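Architecture at a glance
Below are the chains, spelled out letter by letter.
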Amino acid sequence: MPATTAPASKTTDLSRGVFGYVWQHTWRQQLWVIAIILVSMPFLFMSLDLPKQIVNGPIQGKGFADAAGTATYFKFDVPFSGFFSGGPVPLFGGVQLDRMSALVALSCFFLLLVCINGGFKFYINTFKGRLGERMLRRLRFQLIDRVLRFPLPYFRKLRSAEVATMVKDEVEPLGGFIGDAFVQPVFLLGQALTTMIFIITQNFYLGMIAAGIIAIQTFIIPRLRKRLLVLGKQQQLTARDLAGRVGEVVEGIAEIRVNDTSNFERADVASRLGKIFGIRYELFQRKFFVKFLNNFLAQLTPFLFYLIGGYFAILGQLDIGQLVAVIAAYKDLPGPIKELIDWDQQRQDVEIKFTQVVEQFTPDHMVPSTLQRPVATAAAALLGPFEARGLTVTDETGAKLVEGVDMTIQPGERVAGVGEVNAGAETMAEVLVRLQAPSSGRVRFGDHAIDDLPEAATGRRIAYLGPDPYLRNTTLRDALLLGLMHHPAAAAPGADAGEARAGYLLEARLSGNIDLDVNADWLDYEAAGVTDAASLARRLTDVLALVELDDSVFELGLRSRLGPAALDALGPRLLAARTALGARLASKELAGLVVPFNAEGYNSEATVGENMLFGTALEPAFEGNALARQPHLVSVLAETKLDVELVAIGASIARTLAELFSDLQPDDNLYQELGLMKADELPVYQAILSRTAGKTFAQTNAADRAALLALALGYCEPRHRLNLMTPDIAAHVVRARQRLFSNPPAALTRGVAFYSADEFNAGSTLEDNILFGRVVYGIADGPRRVGEALRAVIRDLDLREAVLEAGLGFTVGSGGRRLSAAERQKIGLARALLKRPDLLVVNRGLSTLGVRSQQGIMERVLAEAAGSDGQPGFAVYWALSTPALAKAFDRVIVFHDGQVAEQGEPATLLARESRFKRLTS
């Protein structure tokens, strides 16, 4: 299905104001629901008139000749027939009913009208609610769409937390109002007018009283609420500013701590919160006063009805049925009037918020939406040289970053830009990928001006690596393949999207959203030079090796857990690797370096808790201190009397650590090295030791026993060396383990993946599964020798690609924070190379690496750029952080003070006295 988006004039025009915006996109739905409202008004009028008929007719006997007489009911005439024929034209003659039958029939008819009116309200409210949510979805999409088209300098003024707050929270009230914008006033006004007309038809004076009170409400209340709108605007602005400030605190937490400014930040936040408090307090005071006045006026009218209506009833000028009907009708009148006043206040508030949000999302020089339209077809190669003529670039302050630059890069040419930091080489790299806009001059790719090229061309045919590549919080694989995700592949022939998918597409179009399926296959295999997922995996492996990232991914793979699908596919091969490694570890050279897991024995290199579970926790209830409170484990320890011994061990550990840590700072590395207790837990255990001093196990409360038991479960004799674990206690632990699993509850089997020599453990890492044991602690060079043996087995059994595949599933974290800066830069370069660009632009992209590593990667990239084996080459512009590396390029451009100082072949520039020679010396 081809992707569609609404025309630019409809998806981007927010300048008409909230009512113009809503009407533009929903006028058909608004007219429909208004028609439904008008149809519902006669039924509302009948429901107001019916109580009068019931009271006057069957109850009081009006219209009945005597107690046994009958009267005509449900007689219907042709509407307005009396105006044309001189008398009503009967449509239905009605039925004759006695008083009891009439009472039942009219009461049932009243109940029917209640259901009909309720049905109208249900349909109208549901319809406008869906309409409002659809428009809110449209508005949020359009705001985010605008963020994607902001000019890059504008982002320097923005705080990401403020933008997120505006999109998420500040437009939320708009969703509720958008559905009510036209429908609510028509609906409420229709109800109020219908009720007023009914009251006036019953008694003119009572109708005028009701109209007068309503007029006072509609005149006074909105004026009192004007200050509320001002306060609401101030509250919104201060809350947005607070959100931005909190975002700055989060982003700058490192600087705050190293400079000891945390208390200044607290004072700043307290000041802002105080300002918000003052605004909100005044807002509450005024809001509740307006509410009090509104309620008073609403209750004043029934008082007048009872007084004046009762007076007319006593005089015989108003019958009881009319008075009851008027009072019952007025009961439903204050509600619509109050809601109408509330709607008017909401209208003013929403108009202010809408204008404020739109102003923030309407900067000058936005990227035209036509340049970001989705394109399914492959982008044509950018033929011809890149040319810059008379190029000048300034920043937002007016300072010139480059001035009068003339520069050409031929197809396939490898060019290095060198110079001091910010001399101009970096700016030219950003100009090439449109991260900087020229202030003057001409920039072209062949016959095309760079500003006229759509992103479907520049984003697919030009690759860029900056000093800090952007990484989403996703898997390493998705981070690497991001440069290939341009447009989802077409659905397979005959594929049925299903009703859910069809409904999603319909709602997306009705909401003005893009209808591309985010769950489809977005990978552009052609751009990567491959045909399918298998060949892409091979290409990915080659690129990882090219940028020296394969070993890092391999290590991540060893520390990763495999999913069910990978377990099914690789389980037998990994078990074979376990057997092969076991054979190697049994050799004379490696004997005694690993203690394997044994269901019948105690693993001295594992903790007491790991020996008890003999497996890996899959749920938090079986991890850390929570394990000591696990009900089944506690009951088994009590049955086997092992809890007494382990609590005693925990108490010994607590006493030793209390003495050891008493003079240490909370950030001392010893806490982390031992891993038994955190610094903030030391006072807790000191208090426990004081409470339990001189007490027996039975006299110690359950909470203290659990805390001491947690220490014992985390104890490992070879690591902690407190001489607390004896062979008898170890044997006791093994017996308790067997008791633990003799009849395990469902929570235990679900929460723990148990070790088995014949099965792969889903809760353990790939490395631990192959090792199936613990490396002996304290043997010099032992972990390295075991690691070498494990990697040799993986190599011999051809499992390296499987391990790399597991590593590609590693989640990189927000902004790639789980990776080092060097790894992030390598990922950015690999991502750039995967899409085989016409031009690769590197802007100090490997600056965190050592010179030797930079040189090795750079030489391989330049060899790739030259092309081979039928693969076309590509041009390179590399803004180098180390000028000496420029010797490997075809041409060097030397920048100085934003201008091209000299350029030429590296050998030519080095052969004479040149700025390049001085930079490389």
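These numbers come from a predicted model, not from an experiment. (Residues numbered from 1 in each chain as written. Predicted model: local features only at pLDDT ≥ 70, side-chain atom pairs only at ≥ 80, totals over all residues. Heavy atoms only, no water.)

Quick word on empty space enclosed by the protein
Any empty space left between the atoms is revealed when a probe the size of a water molecule rolls over them. Applying the stated criterion across every chain yields a total of 3 cavities of 30 Å³ or more. Estimated volume of the second largest cavity: approximately 50 Å³. Lining of the second largest cavity is provided by Phe-597, Asn-598, Gly-601, Asn-603, Ala-606, Glu-610, Asn-611, Phe-614, Arg-737 and Tyr-755. Within the lining of the second largest cavity, the residues separate by chemical class into 4 nonpolar, 4 polar and 2 charged. (1 Å grid on protein atoms, 1.4 Å probe; cavity = no way out; pocket = protein on both sides within 12 Å on 5 of 7 lines; lining within 4 Å. Points joined across faces, edges and corners; volume = space filled by probe spheres on them. Nonpolar A, V, L, I, M, F, W, Y, C, P; charged D, E, K, R; others polar.)

Looking at the nonpolar core
One finds Leu-476, Leu-480, Leu-829, Leu-833, Leu-840, Trp-878 and Leu-880 to be the most contacted residues of the largest nonpolar core, which totals 80 residues. For Trp-878, the residues in contact, after removing those within four places along its chain, are Val-415, Ala-416, Gly-417, Val-842, Leu-846, Met-858, Val-861 and Phe-889. The next biggest cluster of nonpolar side chains, apart from the first, holds 44 residues, and it includes Leu-646, Ala-651, Ile-653 and Leu-709. (Core = buried A, V, L, I, M, F, W, Y, C linked by side-chain atoms within 4.5 Å. Buried < 20%, exposed > 50% of the residue type's maximum accessible area, 1.4 Å probe, protein only. Contact = heavy atoms within 4.5 Å.)

Some points on a nonpolar patch on the surface
Judged by side-chain polarity, Trp-23, Trp-27 and Leu-31 come together as a nonpolar surface patch covering roughly 290 Å² of accessible area. With respect to the helices and strands, Leu-31 occurs in helix α2 (residues 17-59). (Patch = residues over 30% accessible without salt bridge, like charges linked within 9 Å, V, L, I, M, F, W, Y side chains within 5 Å. Areas by Shrake-Rupley, 256 points an atom, 1.4 Å probe, with all protein chains shown as cover. Salt bridge = Lys/Arg side-chain N within 4 Å of Asp/Glu carboxyl O. Helix = DSSP H or I, 4+ residues; strand = E, 2+ residues; numbered from the N terminus.)

Some points on the packing of helix α23 (residues 631-639) against helix α29 (residues 727-740)
Between α23 and α29, whose axes approach to 10 Å, the crossing angle comes to 125°. Taken together, α23 and α29 sit at an angle that is classed as oblique. Note on packing geometry: the crossing formed by α23 with α29 is right-handed. Contacts between α23 and α29 pair His-632, Leu-633, Val-636 and Glu-639 from the former with Ala-736, Arg-739 and Leu-740 from the latter. (Axes fitted to C-alpha atoms, helices over the stretch in contact; angles between N-to-C directions. Parallel < 35°, antiparallel > 145°, perpendicular 65-115°, else oblique. Left-handed = near helix turned anticlockwise from the far one by under 90°.)

Here's the deal with the pattern of salt bridges
Across all of its chains, the model carries 22 salt bridges by this definition. In this structure, Arg-461 and Asp-838 form a salt bridge, with 2.7 Å as the shortest nitrogen-oxygen distance. You can see Arg-461 sitting in helix α16 (residues 455-461) and its partner Asp-838 sitting in the loop between α34 (821-834) and β15 (839-843), a full 377 residues away along the chain. What makes Asp-838 buried here is its relative accessible area of 19%. Residues Asp-781 and Arg-784 are paired through a salt bridge, measuring 2.3 Å at the closest nitrogen-oxygen approach.

Some thoughts on the sheet that holds strand β10 (residues 462-465)
With mixed pairing, 6 strands are arranged side by side in an open sheet as β10-β15-β16-β7-β17-β18. Because the sheet does not close on itself, it has two edges, and the strands there are β10 and β18 (899-904). Adjacent strand axes in the sheet meet at a mean angle of 15°, parallel and antiparallel pairs treated alike. Here β15 pairs with strand β16 (residues 875-879) via 5 bridges, running parallel. Along β16, the bridge assignment pairs Leu-840 with Val-876. (Pairing = 2+ DSSP bridges.)

A few points about helix α35 (residues 851-866)
For an α-helix, 3.6 residues make a turn, and residues three or four places apart therefore share a direction. With 16 residues, α35 should cover 22 Å at 1.5 Å per step; its first-to-last C-alpha distance of 22 Å lies within 8% of that length. At its buried positions, α35 is contacted by β7 (414-418), α19 (533-546), α34, β15 and β16. Backbone geometry just after α35 places Gly-867 at a positive phi near 80°. (Expected span 1.5 Å × (residues − 1).)

Focus: the sheet that holds strand β8 (residues 440-445)
With antiparallel pairing, the 4 strands of this open sheet are ordered in space as β6-β5-β8-β9. Two strands in the sheet have a free side with no partner beyond their single neighbour: β6 (400-409) and β9 (448-449). Bridge analysis of strand β5 (residues 386-394) against β8 gives 5 bridges, and the strand direction is antiparallel. Residue pairing in the sheet places Ala-388 in a bridge with Val-443 of β8. Against the sheet, helix α15 (residues 425-432) contacts β5, β6 and β8, and its axis sits at roughly 115° relative to β5.

Description of the environment of Phe-361
With respect to the secondary-structure elements, Phe-361 resides in the loop between α14 (334-360) and β5. On the basis of relative accessibility, which here comes to 1%, the residue Phe-361 falls in the buried class. The spacing of Phe-361 and Asp-145 is 216 residues in sequence and 9.8 Å in space, taken between C-alpha atoms. Not counting the four nearest positions on each side in its chain, Phe-361 is found in contact with Leu-143, Arg-146, Val-147, Phe-150, Val-163, Met-166, Val-167 and Met-366.

Section: unusual backbone geometry
Phi at Phe-614 takes a positive value of approximately 50°, unusual for a residue other than glycine. Mapped onto the elements, Phe-614 comes out in the loop between α22 (608-613) and β12 (615-617).

Topic: the packing of helix α26 (residues 682-692) against helix α27 (residues 702-713)
Relative orientation of the contacting elements α26 and α27 amounts to 120°, with a least axis distance of 11 Å. By the angle between their directions, the pair α26 and α27 is classed as oblique. Once α26 is placed against α27, the crossing between them reads as left-handed. Residue-level contacts link Tyr-685, Ile-688, Arg-691 and Thr-692 of α26 to Asp-704, Ala-707, Leu-708, Ala-710 and Leu-711 of α27. When grouped by side-chain class, the residues that make up the contact of α26 with α27 number 6 nonpolar, 1 polar and 2 charged.

Re the side chain of Asn-769
The residue Asn-769 is located in helix α31 (residues 766-771) in this model. Ignoring anything within four residues of it in the chain, the contact list for Asn-769 reads Arg-578, Phe-760, Asn-761 and Ser-764.

Here we look at the environment of Ser-742
Within the fold, Ser-742 resides in the loop between α29 and α30 (746-751). A relative accessible area of 53% means that Ser-742 is categorised as exposed. Side-chain polar atoms of Ser-742 contact the backbone oxygen of Arg-739, separated by 2.8 Å. (Polar contact = N/O pair within 3.5 Å; in protein donor to acceptor, adjacent residues only side chain to side chain.)

Quick word on α27
The terminal C-alpha atoms of α27 lie 16 Å apart, and with 12 residues this matches the ideal 16 Å at 1.5 Å per residue to within 8%. Counting buried residues in α27 gives 9 out of 12 residues, a clear majority hidden from the surface. The complete set of buried residues in α27 reads Asp-704, Ala-706, Ala-707, Leu-708, Leu-709, Ala-710, Leu-711, Ala-712 and Leu-713. Elements in contact with the buried residues of α27: α22, α23, α24 (642-661) and α26. For α27, the N-terminal capping position is held by Asn-701, with its side-chain oxygen 3.2 Å away from the main-chain nitrogen of Ala-703.

A look at the pairing of β7
Of all 5 residues that make up β7, 5 are buried, and the element is covered over most of its length. In β7, alternate side chains face the same way, and those of Arg-414, Ala-416 and Val-418 on one face and Val-415 and Gly-417 on the other are all buried. Sheet analysis places β7 next to β16, joined by 4 bridges and oriented parallel. Across the sheet, Gly-417 pairs through a bridge with Ala-879, a residue of β16.

Points about the side chain of Arg-134
Within the element layout of this structure, Arg-134 appears in helix α4 (residues 99-147). Residue class for Arg-134 comes out buried when judged on its relative accessible area of 11%. Aside from chain neighbours lying at most four places away, what touches Arg-134 is Gln-29, Glu-507, Leu-510 and Ser-511.

Describing the environment of Ser-440
With respect to the helices and strands, the residue Ser-440 is situated in strand β8. Along the sequence, Ser-440 and Glu-403 sit 37 residues apart, while their C-alpha atoms lie 9.0 Å from each other. Those residues in contact with Ser-440, other than ones at most four positions away along the chain, are Gly-390, Leu-391 and Thr-392.

What about the packing of aromatic side chains?
For any pair of aromatic rings, the description rests on two quantities: the centre-to-centre distance and the angle between the ring planes. Evaluation of the coordinates by the stated rule reveals 10 aromatic pairs. Here Phe-597 and Phe-772 contribute two aromatic rings whose centre-to-centre distance is 5.4 Å and whose plane-to-plane angle is 85°, an arrangement assigned as edge-to-face. With Phe-597 in the loop between β11 (594-596) and α22 and Phe-772 in the loop between α31 and β14 (773-775), this residue pair connects regions lying 175 residues apart in the sequence. Residue class for Phe-597 comes out buried when judged on its relative accessible area of 11%. Of the residues examined, Phe-772 reaches a relative accessible area of 11% and is grouped as buried. Look at Phe-741 and Phe-754: their rings are 4.6 Å apart centre to centre, the planes differ by 80°, and that puts the pair in the edge-to-face class. (Phe/Tyr/Trp six-rings, centres within 6.5 Å; stacked < 30°, edge-to-face > 60°.)

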